[in-house]
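# Architecture at a glance
As a plain string of letters, each chain reads:
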Amino acid sequence: MLGETNDVLREALADVPPELDVTIERIGPYPDAGEHILALLTDRQREVLDIALSLGYYDVPRQATHSDIADRLDCSVATVGEHLQKIESRVFEHIRP
């Protein structure tokens, strides 16, 4: 159940037949899609993504290169490439149907 209050959840659980096993995995606010996807990333990956977006790396046409991002992060171009690949992999794996 998503987007329900604790009271609605309690009522629903009270109506579950005893022969069914129900487990509550998590109770909390319903995150919006953007927050949920960002939660998949490490703090460093979010930092890399923020800089890539701010420099226009994902614009069409692309406004920045791995080198531009690396300069801002004070790291190697290869490291930027690895971070972006991991970011893209996690995001696309999550949104793939």
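A short tour of the structure in this document, coming up. (Residues numbered from 1 in each chain as written. Predicted model: local features only at pLDDT ≥ 70, side-chain atom pairs only at ≥ 80, totals over all residues. Heavy atoms only, no water.)

## Focus on helix α5 (residues 77–95)
Along an α-helix, residues three or four positions apart point the same way, because every turn accommodates 3.6 residues. Spelled out, the test is: Working definition: helices are DSSP H or I runs of at least four residues, strands are E runs of at least two. Numbering for both runs from the N terminus. Here, expected helix span is obtained from the residue count minus one, scaled by 1.5 Å. Buried, partly exposed and exposed residues are distinguished by accessible area as a fraction of the type maximum, computed with a 1.4 Å probe on protein chains only: under 20%, between the cut-offs, and over 50%, respectively. Here the arc refers to the set of directions running from the helix axis out to each C-beta atom.
Its 19 residues give α5 an end-to-end C-alpha distance of 27 Å, which sits within 8% of 27 Å, the value for a rise of 1.5 Å per residue. Within α5 the residues assigned to the buried category are V80, G81, H83, L84, I87 and V91. Projected down its long axis, α5 carries its buried residues within an arc of 165°, all on one side. Facing away from the buried side of α5 by more than 90 degrees, the exposed set consists of A78, Q85 and E93.

## Considerations on the environment of H83
Stated precisely, the cut-off is as follows: Residue contacts follow a heavy-atom distance rule, with two residues in contact if any of their heavy atoms lie within 4.5 Å.
Tracing the backbone shows H83 in helix α5. With residues up to four places along the chain from it excluded, the contact list for H83 reads R44, Q45 and V48.

## Focus on the environment of R46
Formally: By the criterion applied in these results, polar contacts are pairs of N or O atoms within 3.5 Å in which, for protein atoms, one can donate a hydrogen and the other can accept it, and in which residues neighboring in sequence qualify only through two side-chain atoms.
On the secondary structure map, R46 appears in helix α3 (residues 43–55). Looking at R46, its side chain comes within polar contact range of the main-chain oxygen of L38, at 3.0 Å.

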